[in-house]
Amino acid sequence: MKKQDSLSPYICPYTGPLLAGVDEVGRGPLAGDVVAAAVILDPDKTIEGLADSKKLSEKKRELLFDEIRERALCFAVARATVEEIDRLNILHASLLAMRRAVENLRIQPEFVVVDGNRKPDWNYPCDTVVKGDGRVAAIAAASILAKVTRDREMVALDGEYPGYGLSAHKGYPTKAHLEALERLGPSPIHRQSFAPVKQLVMDFT
């Protein structure tokens, strides 16, 4: 059997109005929470330009962030904390954040599409969609809400934990971030289960 192209058009088995898309942002950073969002779009209120949040400019993401919040049928943003990431591991913390986002929707969905190839432990009828943030409008909307929310939080945290450059790299393991970690040691918002931080925790204790 020919392997299906992961970028082929996604055909959802559900055709009703209460389809929720869910995505998370922040699996790779060394600092900060992992943030998830769930969105049910309004079929009567089209939002132009929805796409994978990573492929949009910051200005475009900010504009779409406001439009999604205004025009979606409903949305919710949730998270798993640094402590939960360290206790559960990043995969299970990401799934937990996604589950919380869907459960927090004001209108509960009849079907959920999840970005990636793993779904949370829940009872919702569900599909996983690899690269879904570029293939399903509701997932794209969720990715934008999650990314803008998390990016704003990291900018704010830069003021609380200066010197790491969080507003620039958003917690990702850039050269500048790793150099700051070597110089300053880990902060309370750094993920101690991640190897570069774990080693420094040992060095600083």
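You'll find the structure just up there.
Model, not experiment: these values are computed from the prediction. (Residues numbered from 1 in each chain as written. Predicted model: local features only at pLDDT ≥ 70, side-chain atom pairs only at ≥ 80, totals over all residues. Heavy atoms only, no water.)

1. Comments concerning the pattern of salt bridges
Within the structure shown, the criterion is met by 10 salt bridges. As a salt-bridge pair, Lys-54 and Asp-133 come within 3.2 Å of each other at their nearest N and O atoms. Taken together, the residues span a long stretch of sequence, with Lys-54 in the loop between β2 (34–40) and α1 (58–71) and Asp-133 in the loop between β5 (126–129) and α4 (137–160) at a distance of 79 residues. On the basis of relative accessible area, Lys-54 is assigned to the exposed category, the value being 59%. Judged by its relative accessible area of 6%, Asp-133 falls in the buried class. One salt bridge in this structure joins Arg-152 and Glu-62, with 2.5 Å as the shortest N-O distance. Remark: Glu-62 occurs in helix α1 and Arg-152 occurs in helix α4; sequence separation between them is 90 residues. Residue class for Arg-152 comes out partly exposed when judged on its relative accessible area of 41%. By relative accessible area, which is 24% here, Glu-62 ends up partly exposed. Connected via shared salt-bridge partners are Asp-33, Arg-79 and Glu-153. (Salt bridge = Lys/Arg side-chain N within 4 Å of Asp/Glu carboxyl O. Helix = DSSP H or I, 4+ residues; strand = E, 2+ residues; numbered from the N terminus. Buried < 20%, exposed > 50% of the residue type's maximum accessible area, 1.4 Å probe, protein only.)

2. Considerations on the packing of α1 against α4
At their nearest, the axes of α1 and α4 sit 9 Å apart, and the two run at 115 degrees to each other. Regarding α1 and α4, the two cross each other, and that crossing is left-handed. Mapping the contact onto sequence places Arg-61, Glu-62, Leu-64, Phe-65, Ile-68 and Arg-69 in α1 and Ala-141, Ile-144, Leu-145, Lys-147, Val-148, Thr-149, Asp-151 and Arg-152 in α4. For the contact of α1 with α4, the per-class residue count stands at 7 nonpolar, 1 polar and 6 charged. (Axes fitted to C-alpha atoms, helices over the stretch in contact; angles between N-to-C directions. Left-handed = near helix turned anticlockwise from the far one by under 90°. Contact = heavy atoms within 4.5 Å. Nonpolar A, V, L, I, M, F, W, Y, C, P; charged D, E, K, R; others polar.)

3. Digging into α4
For α4, built from 24 residues, the straight-helix expectation of 34 Å at 1.5 Å per residue is met to within 8% by its first-to-last C-alpha distance of 35 Å. With 17 of 24 residues buried, α4 is to be regarded as a mostly interior element. (Expected span 1.5 Å × (residues − 1).)

4. Overview of the environment of Asp-66
Here Asp-66 shows up in helix α1. A sequence separation of 63 residues divides Asp-66 from Val-129, and the C-alpha atoms of the two residues are 25 Å apart.

5. Comments concerning the pairing of strand β3 (residues 74–80)
What you see with β3 is a clean split: Cys-74, Ala-76, Ala-78 and Ala-80 sit on the buried side and Phe-75, Val-77 and Arg-79 on the side with no burial. Relative to β3, β2 runs antiparallel, the two being bridged by 7 bridges. Residue pairing across strands places Val-39 opposite Phe-75, the latter belonging to β3. (Pairing = 2+ DSSP bridges.)

6. Digging into the layout of surface pockets
The calculated volume of the largest pocket comes to roughly 360 Å³. Contributing to the lining of the largest pocket are 20 residues, with Asp-23, Glu-24, Arg-27, Lys-54 and Asp-115 lying nearest its centre. Of all the secondary-structure elements, those providing two or more residues to the lining of the largest pocket are β1 (19–25), α3 (90–103) and α4. Here the residues of the lining of the largest pocket are counted per class, giving 5 nonpolar, 6 polar and 9 charged. (1 Å grid on protein atoms, 1.4 Å probe; cavity = no way out; pocket = protein on both sides within 12 Å on 5 of 7 lines; lining within 4 Å. Points joined across faces, edges and corners; volume = space filled by probe spheres on them.)

7. Section: the nonpolar core
Nonpolar side chains in soluble globular proteins tend to end up buried together. Judged by nonpolar contacts, the single largest core of 47 residues is most densely connected at Val-22, Val-102, Leu-105, Val-112, Val-113 and Trp-122. Sort the elements by how many residues they give to this core and α3 lands first, with 8 residues. Excluding residues within four positions of it along the chain, Leu-105 makes contact with Ala-20, Ala-38, Ile-40, Cys-74, Phe-75 and Ala-76. Ranked by size, the runner-up nonpolar core spans 18 residues in total, among them Val-25, Val-35, Ala-37 and Ala-146. (Core = buried A, V, L, I, M, F, W, Y, C linked by side-chain atoms within 4.5 Å.)

8. Observations regarding the sheet that holds β3
On the basis of which strands lie adjacent, the open sheet formed by 5 strands has the order β3-β2-β1-β4-β5 and mixed pairing. The open sheet has two free edges, formed respectively by β3 and β5, since each of these has just one partner strand. This sheet shows a mean twist of 20 degrees between the axes of neighbouring strands, independent of strand direction. Where strand β4 (residues 111–115) meets β5, 4 bridges bridge the pair, whose relative direction is parallel. Each bridged residue has a counterpart across the sheet, and for Val-114 the counterpart in β5 is Thr-128. Together, β1, β2, β3 and β4 form the strand contacts of α3, whose direction differs from that of β2 by roughly 35 degrees.

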